[in-house]
Amino acid sequence: MKNFVVFLSLVFFIACGYNPTSKMASNVFDKNVYVNVELSMQDPRNSIFVADTLKEMVISKLGRRLALKHEADDIINVRMNNLSFIPLVYDKNGYVITYKAKLNLDFNVVFKDGNTQNFSTSGSYNFNISPNSIISDTARYNAIRAASSEAFDEFISLIAIKGHKSDTKR
């Protein structure tokens, strides 16, 4: 019975033309991609965390190779628009014990054919800290990484819509 349900599910997804978002998004980009993350002068350390995460996401989620700017087919320029840590939960003594990291990113994509597209995305991540303490470097890094990943997932969805529209024109 279990095998039948799995088989039926596969047939349904194949029959309806299901395509994962990352697959549709990867159709938009050529093989070599250059990722340029503009470092924030106010927050250079966190900008580097964002840059590392986004470059890793291009490789793992889009399946593309990172290239030097002059070798790239497509260029993704990213600017960290805003990063904030918002207190969410306080303990009985009034100390913050849960924060939300909220990150806004602006993407400017320059495609091989010279066309450009702009996208604004956001990501967030909730995390706990010990009462009466500051946000540790590890917690900060993990929060920025998770928020960056969420913002990149939103970017992939927007790109997938563009990719899907261009596939239907062919």
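Quick caveat, the model's predicted, so the values are computed rather than measured.

Caption draft 1: A look at the overall build of the chain. If you tally the helices and strands in the chain, you get 4 helices and 5 strands. Overall, the chain shows an N-to-C arrangement of helices and strands of α-α-β-α-β-β-β-β-α. Evaluated residue by residue, the chain yields a buried proportion of 36% over its 170 residues. Accessible area of the chain: about 10300 Å², with a carbon and sulfur share of 53%.

Caption draft 2: Here's a closer look at the sheet that holds strand 1 (residues 32-38). Ordered by their spatial adjacency, 5 strands build an open sheet running 2-1-3-4-5, and the pairing between neighbours is mixed. A single partner strand is all that each edge strand has here, and the edge strands are strand 2 (65-66) and strand 5 (116-128). In this structure, strand 1 lies alongside strand 2, joined through 2 bridges in parallel fashion. Residue V33 lies in a different strand from strand 2, and its bridge partner there is L66. Each of strand 1, strand 2, strand 3 (74-90) and strand 4 (96-110) touches helix 3 (residues 44-62); the most contacted strand, strand 1, lies at about 165° to it.

Caption draft 3: Local environment of the side chain of R64. One can find R64 in the loop between helix 3 and strand 2. Buried within the structure, R64 lacks any salt-bridge partner; its nearest side chain of opposite charge belongs to D74, at an N-O separation of 6.5 Å.

Caption draft 4: Layout of the pairing of strand 3. The pairing of strand 1 with strand 3 spans 6 bridges and is parallel. Looking across to strand 3, one finds that V37 is bridged to V78. Where strand 3 and strand 4 come together, 14 bridges link them in antiparallel fashion. Looking across to strand 4, one finds that F85 is bridged to A101. The turn linking strand 3 back onto strand 4 is made up of 5 residues, and G94 within it adopts a positive phi angle of 90°.

Caption draft 5: Just the packing of aromatic side chains, in detail. Counted under the stated rule, the structure contains 10 aromatic pairs. Here the aromatic rings of F85 and F127 are separated by 6.1 Å at their centres, their planes lie at 85°, and the arrangement is edge-to-face. Here F85 is found in strand 3, whereas its partner F127 is found in strand 5, with 42 residues between them in sequence. In this structure F127 comes out as buried when scored by relative accessible area, which is 7%. By the ring-pair criterion, three or more aromatic residues cluster together here, those being F29, F107, F111, F119, F152 and F155.

Caption draft 6: Examining the nonpolar core more closely. With 38 residues, the main nonpolar core has F29, I76, F85, L105, F127, F152 and F155 as its most contacted residues. Contributions of two or more residues to this core are made by strand 1, helix 3, strand 3, strand 4, strand 5 and helix 4 (137-169). Top contributing element to this core by residue count: helix 4, with 9 residues. If we ignore the near neighbours within four places in the chain, the residues touching F29 are L62, R64, D74, I76, V109, F111, F155 and I159.

Caption draft 7: Summary view of the pattern of salt bridges. The tally for this structure, following the rule as stated, stands at 5 salt bridges. One salt bridge in this structure joins K61 and D153, with 2.5 Å as the shortest N-O distance. Highlighted residues: K61 in helix 3 and D153 in helix 4, separated in sequence by 92 residues. Assessed through its relative accessible area of 28%, K61 is described here as partly exposed. When its relative accessible area of 30% is taken as the criterion, D153 is described as partly exposed. For D106, the salt bridge goes to R79, with nearest N and O atoms at 2.9 Å.

Analysis parameters
Residues numbered from 1 in each chain as written. Predicted model: local features only at pLDDT ≥ 70, side-chain atom pairs only at ≥ 80, totals over all residues. Heavy atoms only, no water. Helix = DSSP H or I, 4+ residues; strand = E, 2+ residues; numbered from the N terminus. Buried < 20%, exposed > 50% of the residue type's maximum accessible area, 1.4 Å probe, protein only. Areas by Shrake-Rupley, 256 points an atom, 1.4 Å probe, with all protein chains shown as cover. Pairing = 2+ DSSP bridges. Contact = heavy atoms within 4.5 Å. Axes fitted to C-alpha atoms, helices over the stretch in contact; angles between N-to-C directions. Lys, Arg positive; Asp, Glu negative; His and termini not counted. Salt bridge = Lys/Arg side-chain N within 4 Å of Asp/Glu carboxyl O. Phe/Tyr/Trp six-rings, centres within 6.5 Å; stacked < 30°, edge-to-face > 60°. Core = buried A, V, L, I, M, F, W, Y, C linked by side-chain atoms within 4.5 Å.

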